[in-house]
Structures are given as structure tokens and as C-alpha cells.
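Breakdown of the fold
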Amino acid sequence: MSLTLYFHPLSSYCQKVLIALYEAGTPFATVVVNFGDAESAASFRKLWPVGKMPVLRDAALDRTVPESSIIIEYLGQHYPRGTALIPADPDQALRTRLADRFYDLYVHDPMQRIVGDRLRPDGAKDPTGVAAAQAMLRQSYDVIDAEMAGRTWAAGDAFTLADCAAAPPLFFSSKLVPFGERHNLQAYFRRLSRRPSVARAFNEAEPFLKFFPG
């Protein structure tokens, strides 16, 4: 097996790649990275000195590929299986990449800022930063709710890279800042949660949710 994913089941960016792999049915092995273990952390930093998960190692092509969106594009280029997660049509591909960026920057990032603040010790909290992150999430929810009035999936009628990006941060952010009465967003998240690839990634994270400060 040439592909190995270095990841952690609770990491939302790792879940994004897992969803893509499960969606395509791509064979791969896994290595769980534990930054609380010095040996595990050191081994991972030898592979990718930046120290951010996930990272895909392709032994067959001797490639180390970081960053979730790039990993998914790499898999589509070198190991295409099933339905392409980035449409062939250039306009649809651009819409998909834009939606992917939207969920990473305006849902994922503020969600992680709130989580990071909850993990800080007393005296090091950032209430102003948390309030800004919460406001960004609510604004993003409004955008998603409006867009989902006329869409099935994040970028249109087909499940794509953008939906892989959307599912994990929406799962965690909903525990921090509820969706409220945004019914289109609620319906979209239900569709995501029922998708077998998404459900599998969520189920695998379940034993680790006790560590989530939500």
C-alpha cells in the first residue's frame, strides 16, 4: 500500500481528507500522530517540519504532500477513483475551490480560534478574539443558509471537495455557536451527516470527543 495518511481522528482538517478518501474508496494506511508523545511528534516533524496535520506520504511516487485541500487534489490527479471531487468544468471547479476556501477560512478558522481559547489557562484568555470568531461564524452561517436555499451540496448539485471541507468544522462549530433558526443550514448539515463517508469519519472521532472542549 503506497499511501499513508499521518493524522489524528479528532482533527477536523484530517477528517476532511478522510472523507475524501472514504468517498473514493482509496486504499491507504494510517499513522496516528500524538503530539503529547515526544517520539511520535519528533517522527512526524522529520516528515513535515511545519508540524501540521494531515500529511500524505506516497511511497510509490516518493512524495510527501501536506495541506488538506492539496492532498485531496493530489489524490484526484494521481489516484482517481469514483466521482471526481473537483469538477472537470472550469467554472464549477472554481466554484468548488471558492467554497472550499470559504469553509476553511470562515468556518474552520474561527471555530479553531474558539477551541484554542478554551484550552488556554486562566489569565491568557482572549475574550475579544473569541467574540470576533463567534461573530464570524454567525455571519458565515447566514451566508451558508442563503446559499443552501438553492443547492443540495456546497458548490451545487454534486458532492465535492467543498463538502469534505464543510462537514468537520460545521460539526464542531455547531457545538460552540448553534445554528439557530437557519433551516437551510440545518438541512444541509443533516445531509452531510448522513453521507456514508462523512458518517464514517465522524464515528471514528467519537471516542476522542471527550477531549473536545465544547
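Quick summary incoming for the structure in this document.

**Quick word on the overall build of the protein chain**
Counting its regular elements, the protein chain contains eight helices and four strands. For the protein chain, the N- to C-terminal ordering of α and β elements is β-α-β-α-β-β-α-α-α-α-α-α. Against the compact-globule benchmark of 17 Å for 214 residues, the protein chain has a radius of gyration of 17 Å, which places it among compact chains. Counting only C-alpha atoms, the protein chain reaches 50 × 50 × 25 Å along its principal axes. When burial is assessed residue by residue, the protein chain has 46% of its 214 residues classed as buried. Intrachain contacts of the protein chain at a sequence separation of at least 6 include 69% that bridge at least 24 residues. When the accessible area of the protein chain is evaluated, it comes to approximately 10,700 Å², of which 53% is carbon and sulfur surface. Taken as two groups, the 24 positive and 23 negative side-chain charges of the protein chain have centres that lie 2 Å from each other.

**Looking at the nonpolar core**
Generally speaking, soluble globular proteins have nonpolar side chains that are buried together. Residues Tyr103, Ile144, Leu170, Tyr188 and Leu192 are the most contacted members of the largest nonpolar core, which totals 64 residues. With 10 residues, the top contributor of residues to this core is helix 6 (residues 161-176). Those residues within four positions of leucine 170 in sequence are excluded, and the remaining contacts are Tyr103, Val107, Tyr141, Ile144, Phe179, Leu185, Tyr188, Phe189 and Leu192.

**Quick word on the layout of surface pockets**
The volume enclosed by the largest pocket comes to roughly 930 Å³. Sorting elements by how many residues they give to the lining of the largest pocket places helix 4 (residues 90-119) first, with eight residues. Taken together, the residues of the lining of the largest pocket break down into 16 nonpolar, seven polar and five charged. Quantified by volume, the second largest pocket comes out at close to 250 Å³. Contributing elements (two or more residues each) for the lining of the second largest pocket: helix 1 (12-24) and helix 3 (68-78). Looking at which element gives the most residues to the lining of the second largest pocket, the answer is helix 3, with five residues. Of the residues belonging to the lining of the second largest pocket, the class tally is nine nonpolar, five polar and three charged.

**Considerations on the packing of aromatic side chains**
Taken as a whole and assessed by the stated rule, the structure comprises 13 aromatic pairs. Seen from their ring centres, phenylalanine 102 and tyrosine 103 are 5.4 Å apart, and the 85° between their planes marks the pair as edge-to-face. Exposure class is identical for phenylalanine 102 and tyrosine 103. Each is buried. Plain terms: the ring middles of tryptophan 153 and phenylalanine 159 are 5.3 Å apart, the flat faces sit at 80° to each other, and that makes the pair edge-to-face. Since its relative accessible area comes to 5%, phenylalanine 159 is described here as buried.

**Describing helix 3**
Taken residue by residue, helix 3 has Ser68, Ser69, Ile71, Ile72, Tyr74 and Leu75 as its buried positions. Tucked inside the fold, the buried residues of helix 3 contact strand 1 (3-7), helix 1, strand 3 (55-58), strand 4 (63-66), helix 4 and helix 6.

**Observations regarding helix 5 (residues 127-147)**
Between its terminal C-alpha atoms helix 5 stretches 30 Å, which fits the 30 Å expected from 21 residues at 1.5 Å a residue. Those residues of helix 5 lying buried are Val130, Ala133, Leu137, Ser140, Tyr141, Ile144 and Asp145. Angular distribution of buried residues about the axis of helix 5 spans 135°; they occupy a single face of the element. Structural note: helix 5 exposes Thr128 and Ala146 on the side pointing more than 90 degrees away from its buried face. Those residues of helix 5 that are buried are in contact with helix 4, helix 6 and helix 7 (183-194).

Reading guide: rules and limits
Residues numbered from 1 in each chain as written. Predicted model: local features only at pLDDT ≥ 70, side-chain atom pairs only at ≥ 80, totals over all residues. Heavy atoms only, no water. Helix = DSSP H or I, 4+ residues; strand = E, 2+ residues; numbered from the N terminus. Rg over C-alpha atoms; globule rule 2.2 N^0.38 Å. Buried < 20%, exposed > 50% of the residue type's maximum accessible area, 1.4 Å probe, protein only. Contact = heavy atoms within 4.5 Å. Areas by Shrake-Rupley, 256 points an atom, 1.4 Å probe, with all protein chains shown as cover. Lys, Arg positive; Asp, Glu negative; His and termini not counted. Charge placed at Lys NZ, Arg CZ, Asp CG, Glu CD. Core = buried A, V, L, I, M, F, W, Y, C linked by side-chain atoms within 4.5 Å. 1 Å grid on protein atoms, 1.4 Å probe; cavity = no way out; pocket = protein on both sides within 12 Å on 5 of 7 lines; lining within 4 Å. Points joined across faces, edges and corners; volume = space filled by probe spheres on them. Nonpolar A, V, L, I, M, F, W, Y, C, P; charged D, E, K, R; others polar. Phe/Tyr/Trp six-rings, centres within 6.5 Å; stacked < 30°, edge-to-face > 60°. Expected span 1.5 Å × (residues − 1). Arc of directions from axis to C-beta.

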